[in-house]
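Inside the fold
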Amino acid sequence: MQENNQEKRAIRTVRRKKMQDLLAVLSFLLLLPYSCAVFCGARQEAAVETLGSVSDGKNEILWEKDNGIYRMPLEDFLVGALAASMPAEYREETLKAQAVILRSICMRKMQETGLLQKEDSGLECLEEAERQMLWGEDFAENEERFAGAVQDTEGIVLTWQNEIVKPPYFRLSAGKTRSGREIFGVENGDFSMDGNDMANSWCQSVECPYDLEAADFLQEKRVDKEEFTKKLAAENFFLPDGGAKLKLTRDSAGYVLFLECLDSRMEGEKFRKLFALPSASFSLREEAGEIILQTKGVGHGLGFDQYGADLLAADGKDYMELLHFFFTDLSLEKRSIIAE
């Protein structure tokens, strides 16, 4: 009798366990869609930052990426922009001067448009992972130096008549920087300085004799004559079959403002881009069926000469002196623009 009672209790226990397991399975199936939605929603929230109003009072850059639009504080953006625009071996004061230039460009744009999209800044920016790849084992040291240059100049911009300007910069001059008055005083529609309408007033020519000693000051490129002629013809610049001399009109710094041949004319900067030349300070000669293009300097030659500035920094000049050397009439001011 006792054995029968134990057997019945065992059967009831097994049935009750099966019922509990069945209810648990049913509950899981009923709650599965909700659980998936919560889980996926959490992952999406972690990956995508939605846009809202600016509430922390900081200037920010809006950066559109594959998984959403991100807000990046301007000063953080400037670290990556500085890394993209200047070699790591340059001195701290040169880095600081470049940081002021980049901040001025961004804050002038913010004045005009409010919240600034990264692509509208006109600046490249290396993210932290890209900086790690670029600098390798020197990442920690360089990160500290570049971030320090931005922090030490926080809020400081270049102004002209109380207005923030967009100061141009480049890598290496052809012996002297160019005059904004000369460039913008002639027809030069391909000179892409984007908004530097004031440059003809405050961007003056400065002698940089030590640039001539740079390793990449002189460069040479050879182009097949037939290819040379075809490339020009595609841009409606025609060289006659019988041959004709090209006339080069230069500014006082030696950069080509425009080329002419009979009825054809092309801006020097457009020619530079067409043949991927380091600068528009170039000369041409023909030799054995090739056009030899020899260039001086690297970059457009207008404004802040990074190489020349770094040589001045080596002589003990601080970043304010560097900026005043290349932008004599500009002022340094601390500004705060809150994008709305």
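Residues numbered from 1 in each chain as written. Predicted model: local features only at pLDDT ≥ 70, side-chain atom pairs only at ≥ 80, totals over all residues. Heavy atoms only, no water.

1. Some points on the overall build of the chain
A tally of helices and strands in the chain yields 12 helices and 14 strands. Put simply, 69% of the contacts in the chain that link residues at least 6 apart link residues at least 24 apart. If you sum the accessible surface of the chain, you get close to 18,800 Å²; carbon and sulfur atoms cover 50% of it. (Helix = DSSP H or I, 4+ residues; strand = E, 2+ residues; numbered from the N terminus. Contact = heavy atoms within 4.5 Å. Areas by Shrake-Rupley, 256 points an atom, 1.4 Å probe, with all protein chains shown as cover.)

2. A word on unusual backbone geometry
We note that asparagine 162 has phi near 70°; this positive angle belongs to a residue other than glycine. Relative to the helices and strands, asparagine 162 resides in the loop between β4 (156–160) and β5 (163–164). Phi angles above zero are rare outside glycine, and alanine 288 is one such case at about 50°. Locating alanine 288 in the fold gives a position in the loop between β11 (282–287) and β12 (290–296). The exposure class assigned to alanine 288 is exposed, which follows from its relative accessible area of 80%. (Buried < 20%, exposed > 50% of the residue type's maximum accessible area, 1.4 Å probe, protein only.)

3. Quick word on the sheet that holds strand β3 (residues 116–117)
Sheet architecture is open: three strands sit in the order β2-β1-β3, paired in mixed fashion. Strand pairing shows two members of the sheet lacking a second neighbour, β2 (68–73) and β3, which therefore form its edges. Direction of pairing for strand β1 (residues 60–65) relative to β3: parallel, over a ladder of two bridges. Bridge pairing in β3 links leucine 62 to glutamine 117. Across the sheet, helix α2 (residues 74–85) lies against β1 and β2, angled at about 95° from β2, the strand it touches most. (Pairing = 2+ DSSP bridges. Axes fitted to C-alpha atoms, helices over the stretch in contact; angles between N-to-C directions.)

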